[in-house]
Amino acid sequence: IPCIHLKDYSYGRKMAVVGEGNINFAAVAAACEDAGAEYLLVEQDNCNGEDPFACLRRSYQNLRAYGFR
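Residues numbered from 1 in each chain as written. Predicted model: local features only at pLDDT ≥ 70, side-chain atom pairs only at ≥ 80, totals over all residues. Heavy atoms only, no water.

## A look at the overall build of the protein chain
Worth spelling out the cut-off: Here a helix means four or more residues in a row that DSSP labels H or I, a strand means two or more in a row labelled E, and each is numbered from the N terminus. Two things to know: the radius of gyration comes from C-alpha atoms, and the globule rule equals 2.2 Å times the number of residues to the power 0.38. Relative accessible area decides the class of each residue, using a 1.4 Å probe on protein chains only: under 20% of the type maximum gives buried, over 50% gives exposed, and in between gives partly exposed. Any two residues whose heavy atoms approach within 4.5 Å at even a single point are treated as in contact. Note on areas: Shrake-Rupley with a 1.4 Å probe; residue coverage comes only from the protein chains shown. The charged-residue count follows a simple rule in which Lys and Arg add positive charge and Asp and Glu add negative charge, with His and chain termini not counted at all. The location of each charge is read from NZ of Lys, CZ of Arg, CG of Asp or CD of Glu.
Secondary structure summary: the protein chain contains 2 helices and 4 strands in total. When the helices and strands of the protein chain are listed from N to C terminus, the series reads β-β-β-α-β-α. Scaling as 2.2 N^0.38, a compact globule of 69 residues should have a C-alpha radius of gyration of about 11 Å, and the protein chain matches this with 12 Å. Each of the three principal axes of the protein chain carries a C-alpha extent, and together these read 35 × 25 × 20 Å. Burial status across the protein chain gives 25% buried among its 69 residues. A separation of at least 24 residues holds for 57% of the contacts in the protein chain among residues at least 6 apart in sequence. As displayed, the protein chain has an accessible area near 4700 Å², and 53% of this comes from carbon and sulfur atoms. Seen as two clouds, the 7 positive and the 9 negative side-chain charges of the protein chain have centres 5 Å apart.

Take a look at the structure:
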């Protein structure tokens, strides 16, 4: 699977920065690697009043911490 679409949620189905919500991204990272993913597409519909680019930057940093490059 070349492209994986990612979202994360906190309690109450509130959108969260990828890696900062309730989704088990350690397991997601392993599944993406097993599937041969080349691209991860981050979507955060609602930034809850935060700067969208700051949220995207944190999502990127969190994914790098899980080993994505």
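## Notes on the packing of aromatic side chains
Short version of the rule: Here the aromatic set is Phe, Tyr and Trp, taking the six-membered ring for Trp, and pairing holds for ring centres within 6.5 Å; pairs whose planes are under 30 degrees apart are stacked, those over 60 apart are edge-to-face, and all others are tilted. Placement of a charge over a ring requires the Lys NZ or Arg CZ to be within 6 Å of the ring centre, with the centre-to-atom vector within 35 degrees of the ring normal.
Evaluated as defined, the whole model comprises 1 aromatic pair. For the pair Phe 25 and Tyr 66, a centre-to-centre distance of 6.4 Å together with 40° between the ring planes defines the contact as tilted. Residue Phe 25 is located in helix α1 (residues 25-35), and its partner Tyr 66 is located in the segment after α2 (52-65); the two are separated by 41 residues in the primary sequence. Under the relative-accessibility criterion, Phe 25 is labelled buried at 2%. Its guanidinium or amino end placed over the ring of Tyr 9, Arg 13 lies 4.6 Å from that ring's centre, counting from NZ or CZ.

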